[in-house]
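Residue-level listing of the chains:
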Amino acid sequence: MEENVRNHPVRSAFGKLFKNKLATVCFFLLIIEIVLVILAPVIAPYGYDEADPSIKLRPGFWAQWTVSDDPESPRYSNNPKDFYEPGHLLGTDDLGRDVLSRLLYGGRVSLTVGFVSTLMGLSIGVVCGLLAAYYKRLDNIIMRVMDLLFAFPSILLAMLVIAMLGVNTFNTMLAISIWSVPSFARMVRGRALQVKEEDYIMATRSLGAKDSRILLHILKNCLPVIIVIATMRMATSIISISTLSYLGMGVTPPQPEWGGMIASAKSFMWERPSLIFVPGAAVMLTVICFNVLGDKLRDILDPSLKD
């Protein structure tokens, strides 16, 4: 019994993952980030739209060491906007809203949109890939539709969908999921074509098993590929929602989102560069972590690798 638990695929996968220091750091960073954004209503010091114009464009905690009110100090400043406002660790924006609170609430939106859009694209893409691989009559039809979607640059396709349906969070998720479908469909189809020629699949078919049962067996063997693609697609989806929000076609204000925070701060990039750096660093860190995990999971879950 203990040996079965020790050799369980999930336990084995995590064991291999944690042997890589970079992947381990990325995994726990993502866990911490997810916990923080989920608990945003509890731990955020202010509401995301709570404004105080009297303290707008204040720097974060680092200003305590970069400016001084001592006239004899080389760091002397008599401008109130150069001084840290207690209680606002990352400073305030041009409307006097707390940057840390908006970063946490914006993370909820970015990760939620990334997860939901990836799940939507995954669901449709996997079904299309399996059907194209298993039924030759559907293969040409499905894959030509995928080729048509691939013909459009991803962000332009998303913008087209949003322009047709209107700007709101759900339409943004739908737009991102639509251009995710071809990638999932092609990868799953390629793997499914290999799996369906395996001896045990041929034996299952010869025993008169229903197509649905055979497709489930094929799907089970495609899961490693699906997990890897989904992990990496999360990174792409987060970049996409940030890009669309930056262009004004994503999450609508006053709801915060990392790309939208960067867009609203671009007019103040020289006066208060931290307003761009903070959400930009959040996007960069999240995307790097998902890509590193996806790359490591590909090594772990690749069936051609030996222990």
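Our subject is the structure listed above.
Residues numbered from 1 in each chain as written. Predicted model: local features only at pLDDT ≥ 70, side-chain atom pairs only at ≥ 80, totals over all residues. Heavy atoms only, no water.

### So, a nonpolar patch on the surface
The grouping of I31, I32, I34, V35, L36, I38, L39, V42 and I43 at the surface amounts to a nonpolar patch, some 760 Å² of accessible area in total. Going through the elements one at a time, helix 3 (21–38) and helix 4 (40–43) are the ones with two or more residues in the nonpolar patch. Sorting elements by how many residues they give to the nonpolar patch places helix 3 first, with six residues. (Patch = residues over 30% accessible without salt bridge, like charges linked within 9 Å, V, L, I, M, F, W, Y side chains within 5 Å. Areas by Shrake-Rupley, 256 points an atom, 1.4 Å probe, with all protein chains shown as cover. Salt bridge = Lys/Arg side-chain N within 4 Å of Asp/Glu carboxyl O. Helix = DSSP H or I, 4+ residues; strand = E, 2+ residues; numbered from the N terminus.)

### Here's the deal with the side chain of S110
Along the chain, S110 falls in helix 6 (residues 99–134). Look at S110 and you get buried, because its relative accessible area is 0%. Beyond its immediate sequence surroundings of up to four residues, S110 is in contact with I238, I241, E257 and W258. (Buried < 20%, exposed > 50% of the residue type's maximum accessible area, 1.4 Å probe, protein only. Contact = heavy atoms within 4.5 Å.)

### Observations regarding helix 8 (residues 154–165)
Counted at 1.5 Å a residue, the expected span for helix 8 with its 12 residues is 16 Å, and the 17 Å between its end C-alpha atoms agrees. Within the span of helix 8, buried status applies to L157, A158, V161 and I162. Down the axis of helix 8, the buried side of the element spans an arc of 135 degrees, and every buried residue falls inside it. With respect to the buried face of helix 8, the exposed residues turned more than 90 degrees away are A163 and M164. The inward-facing, buried residues of helix 8 abut helix 7 (136–150), helix 9 (169–195) and helix 11 (211–246). Immediately beyond the C-terminal end of helix 8, within one or two residues, lies G166, with a positive phi of roughly 110 degrees. (Expected span 1.5 Å × (residues − 1). Arc of directions from axis to C-beta.)

### Brief notes about unusual backbone geometry
The step from P253 to P254 runs through a cis peptide bond, and the omega angle for that step is 5 degrees. The backbone phi angle of L57 is positive, close to 55 degrees, even though this residue is not glycine.

### Observations regarding the packing of aromatic side chains
Counting across every chain of the model gives five aromatic pairs. Ring centres of Y134 and Y135 lie 5.0 Å apart, and the angle between their planes is 85 degrees; on these two criteria the pair is classed as edge-to-face. The exposure class of Y135 is partly exposed, given its relative accessible area of 24%. Through successive ring pairs, a cluster of aromatic residues spans F61, W62 and W65. In this structure, K266 is placed above the aromatic ring of Y246, and the distance from its NZ or CZ to the ring centre is 5.3 Å. (Phe/Tyr/Trp six-rings, centres within 6.5 Å; stacked < 30°, edge-to-face > 60°. Lys NZ or Arg CZ within 6 Å of the ring centre and 35° of its normal.)

### Some words on the pattern of salt bridges
Enumeration over the complete set of coordinates arrives at eight salt bridges. Ionic pairing is found between R97 and D49, a salt bridge with its closest N-O pair at 3.3 Å. One end of the pair, R97, is in the loop between helix 5 (63–66) and helix 6; the other, D49, is in the loop between helix 4 and helix 5, and 48 residues separate them in sequence. Residue class for R97 comes out buried when judged on its relative accessible area of 9%.

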